[in-house]
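# A structural walkthrough
The primary structure of each chain is shown beneath.
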Amino acid sequence: VVRVRQNVLAESSVGMIATLGDPLDRRNAWLVGPDVTYQTSRFRGDKNFLAGAWAMAMNREGLTGDRTSWGGEVAFPNDLWDITATFKRIGDGFQPSLGFVPRPGVQIATVGVNYQPRPTRPIGPLHVRQMFHEFQTTYVTGLDGRWQSYRVFTAPVNWRLESGDRFELNVVPTGERLDVPFEINDGVVIPAGTYRWNRYRVEGGLAAKRRFSGQATWWFGKFYSGRLSETRLTASWKPSSLINVEFTSDHNVARLREGSFIQDLLGTRLRVNVSPDLQATSFVQYDNGSRAVGTNTRVRWTFRPEGELFLVYNHNLRTTDPLTGIRLVRFDSNQLLVKVQYALRY
């Protein structure tokens, strides 16, 4: 990366990414591309501003089509107004060997405009620290300009109180054009076609500084050919500065023309901070889709400022036989990982 520093509060940078090779040993695999960024904190006197652009080209044995991608961004990230606009064009043959492209052959435009005032007086009984009035939209088309999907996220109300507590209301118009059927759940397949719907969210949360804190989220409204209700509850208990216990619960109920389903996900996490150099975390999760219980336990020990030791143990149990459907509890898999990293300074 080559950086050209213009002054203390403004900076331009030019970067380059390049890869060579393929994990599956496919021949002639490479990727190369530059990016250029300019940012300053003196825009119009004392405001932040950023502008950047990037481009990439790649190749690999067996690929056809447009193997390039490019994009740009303009941002005005400030306390009162936070505005961003980005654009990406990804060729239909852009599939790098090292990396991941979720949707090739598309053009993606995003615009975000957030107005974030800080009231100087109480609003009724509420002492509001800051309001976040948000508008964020994503629009995706094919390379021919035919739209594939869009999502408009709006937050007419998103207030954070002086206590740290917050509440939010959202309205989210969404659209999807399916060229092929889409399996959304076991046995529930959405036919090809054009779908438009509105989603709504009500959310409230208690400040993380409290000994007991949590958040409740409810998404509701139409979804493809029917309706979907999503409820998420999280809670955290801090009996001391050394121990933190977290609980999560997700309950989704979908009633579509093609079928209905219910998804449940339960989890709990225990964190023990023995010292700044030694922490242990254990996470347990169950979902009614796989009917499996999974645990992940990790211990991190910083034995020197330059070195860390990680011990990770994963253990999974099944509560239903996948072939017979008989309820039982049996061992599914386990895994023990040991990792040591050490930084050499010279």
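Given the structure is predicted, the values throughout are model-derived calculations rather than measurements. (Residues numbered from 1 in each chain as written. Predicted model: local features only at pLDDT ≥ 70, side-chain atom pairs only at ≥ 80, totals over all residues. Heavy atoms only, no water.)

### Quick look at the overall build of the protein
The following threshold applies: Every helix listed is a DSSP run of H or I at least four residues long, and every strand listed is a run of E at least two residues long, numbered separately from the N terminus. Relative accessibility thresholds used throughout: buried, under 20% of the residue-type maximum; exposed, over 50%; partly exposed, between the two (1.4 Å probe, protein chains only). Only heavy atoms matter for contacts: two residues are in contact if any of them lie within 4.5 Å across the pair. Note that accessible areas follow from Shrake-Rupley with a 1.4 Å probe, and for residues the cover is restricted to the protein chains shown. By the counting rule applied here, Lys and Arg register as positive and Asp and Glu as negative, while His and the ends of each chain are not counted. The location of each charge is read from NZ of Lys, CZ of Arg, CG of Asp or CD of Glu.
A count of helical and extended segments in the protein gives zero helices and 22 strands. Along the first, second and third principal axes, the C-alpha atoms of the protein reach 60 × 60 × 60 Å. Burial status across the protein gives 31% buried among its 346 residues. Expressed as a percentage of contacts within the protein between residues at least 6 apart in sequence, the contacts between residues at least 24 apart total 41%. Only carbon and sulfur atoms are counted for the fraction: they give 59% of the accessible area of the protein, which is about 21,200 Å². When the 43 positive and 32 negative side-chain charges of the protein are each reduced to one mean point, those points stand 4 Å apart.

### Re the layout of surface pockets
Over the atoms rolls a probe the size of a water molecule, and its path tells where empty space is left. Defined as follows: Using a 1 Å grid laid over the protein atoms alone, points where a 1.4 Å probe fits but cannot get out form a cavity; open sets with protein on both sides within 12 Å along at least 5 of 7 lines form a pocket; any residue with an atom within 4 Å of a point counts as lining. Grid points are joined across faces, edges and corners, and a volume is the space filled by probe spheres set on the points. Under the convention adopted here, Pro, Cys and the residues Ala, Val, Leu, Ile, Met, Phe, Trp and Tyr are nonpolar, Asp, Glu, Lys and Arg are charged, and Gly plus all remaining residues are polar.
One number sums up the size of the largest pocket: a volume of about 280 Å³. Contributing to the lining of the largest pocket are 18 residues, with Ile90, Phe94, Phe100, Val101 and Pro102 lying nearest its centre. Among the secondary structure elements, those contributing two or more residues to the lining of the largest pocket are strand 2 (10–20), strand 4 (47–59) and strand 6 (81–90). Grouping the constituent residues of the lining of the largest pocket by class yields 13 nonpolar, three polar and two charged.

### Digging into the side chain of Asn114
Counting through the fold element by element, Asn114 comes out in strand 7 (residues 106–115). Residues within four places of Asn114 in sequence aside, it is in contact with Leu80, Trp81, Asp82, His133, Glu134, Phe135 and Gln136.

### Some details on the nonpolar core
Put simply, the rule reads: Residues belong to a common nonpolar core when they are buried Ala, Val, Leu, Ile, Met, Phe, Trp, Tyr or Cys residues joined through side-chain atoms within 4.5 Å.
Counting 12 residues, the largest nonpolar core consists of Leu178, Ile184, Val188, Ile190, Tyr195, Trp197, Phe223, Tyr224, Leu228, Ala254, Leu256 and Phe261. Mapped by element, the contributors of at least two residues to this core are strand 13 (188–190), strand 14 (193–205) and strand 17 (243–256). Apart from residues lying up to four places away in sequence, Tyr195 is in contact with Thr174, Gly175, Glu176, Leu178, Ile190, Tyr224 and Ser225. By size, the runner-up hydrophobic cluster in this structure holds seven residues, among which are Leu31, Leu63, Val106 and Val140.

### What about unusual backbone geometry?
Phi is positive for Asn28, which is not a glycine, with a value near 55°. Locating Asn28 in the fold gives a position in the loop between strand 2 and strand 3 (30–43). You will see that Arg44, though not glycine, has its phi angle at about 50°, which is positive. Along the chain, Arg44 turns up in the loop between strand 3 and strand 4. Among the residues examined, Arg44 registers a relative accessible area of 71% and is labelled exposed.

### Structural notes on the environment of Gly259
Tracing the backbone through its elements, the reader meets Gly259 in strand 18 (residues 259–275). In the structure, Gly259 is positioned 28 residues away from Thr231 in sequence and 20 Å away in space, judged by C-alpha atoms. The residues touching Gly259, leaving out its near neighbours within four places in the chain, are Val188 and Ala254.

### Topic: the confidence of the model for the protein
Here is the rule: Scored from 0 to 100, pLDDT records how confident the predictor is in each individual residue.
For the protein, the average pLDDT comes to 91, and 95% of its residues sit at 70 or higher. Here residues 1–8 is a poorly scored stretch, pLDDT under 50, and it has 14 contacts once near neighbours within four places are set aside; other chains count.

### Topic: the pairing of strand 6
Cut-off, in case you're wondering: Two strands are said to pair when DSSP picks up at least two bridges between them.
Examined bridge by bridge, strand 5 (residues 68–77) and strand 6 share nine bridges and lie antiparallel to one another. Directly across from Ala75, in strand 6, lies its bridge partner Thr84. What sits between strand 5 and strand 6 in their antiparallel hairpin is a turn of three residues. Where strand 6 meets strand 7, 10 bridges bridge the pair, whose relative direction is antiparallel. Bridging from a neighbouring strand, Phe87 pairs with Ala109 of strand 7.

### Focus: the pattern of salt bridges
A side chain of one charge can pair with a side chain of the opposite charge when the charged atoms of the two come close. Cut-off, in case you're wondering: Between Lys or Arg on one side and Asp or Glu on the other, a salt bridge is scored when a side-chain nitrogen of the former is within 4 Å of a carboxyl oxygen of the latter.
Applying the stated criterion to the full structure yields 18 salt bridges. Residue Asp66 is joined to Arg89 by a salt bridge in which the shortest nitrogen-to-oxygen separation is 2.7 Å. Of this pair, Asp66 sits in the loop between strand 4 and strand 5 while Arg89 sits in strand 6, and the two are 23 residues apart along the sequence. Looking at Asp66, the relative accessible area reads 24%, which means it is partly exposed. Salt-bridge contacts for Asp250 lead to Arg232; the nearest nitrogen and oxygen are separated by 2.5 Å. You can see Asp250 sitting in strand 17 and its partner Arg232 sitting in strand 16 (residues 226–240), a full 18 residues away along the chain. Its relative accessible area of 15% is what places Asp250 among the buried residues. Among the ionic contacts, a cluster of salt bridges with common partners joins Arg166, Glu168, Arg201 and Glu203.

### What to know about a nonpolar patch on the surface
The condition is simple: The residues that make up patches have over 30% relative accessible area and no salt bridge, and they are joined within 9 Å when like-charged or within 5 Å when they are Val, Leu, Ile, Met, Phe, Trp or Tyr.
There is a patch of nonpolar side chains on the surface, built from Trp301, Phe303, Leu311, Tyr313, Leu336, Val338, Val340, Tyr342 and Leu344 and spanning about 920 Å² of accessible area. At four residues, strand 22 (residues 327–342) tops the list of elements feeding residues into the nonpolar patch.

### Re the packing of aromatic side chains
Let me state the cut-off plainly: Each aromatic pair joins two rings of Phe, Tyr and Trp (for Trp, the six-membered one) with centres within 6.5 Å, and gets the label stacked for planes under 30 degrees apart, edge-to-face for over 60, and tilted for any other angle. Remark: a charge is flagged as sitting over a ring if the NZ atom of Lys or the CZ atom of Arg is within 6 Å of the ring centre and within 35 degrees of the ring normal.
A complete count under the given rule lists 16 aromatic pairs for this structure. Between Phe43 and Phe76 the ring centres are 6.0 Å apart and the planes differ by 75°, which places this aromatic pair in the edge-to-face class. Taken together, the positions of Phe43 in strand 3 and Phe76 in strand 5 put the pair 33 residues apart, joining distant regions of the chain. Taken together, a centroid distance of 5.6 Å and an interplanar angle of 25° make the contact between Tyr200 and Phe220 stacked. Of this pair, Tyr200 sits in strand 14 while Phe220 sits in strand 15 (residues 212–223), and the two are 20 residues apart along the sequence. On the accessibility criterion, Phe220 (25% relative accessible area) is partly exposed. Taken together, Phe182, Tyr195, Trp197, Phe223 and Tyr224 form an aromatic cluster joined through their ring pairs. Lying over the aromatic face of Phe310, Lys339 brings its terminal NZ or CZ to 5.6 Å of the ring centre.

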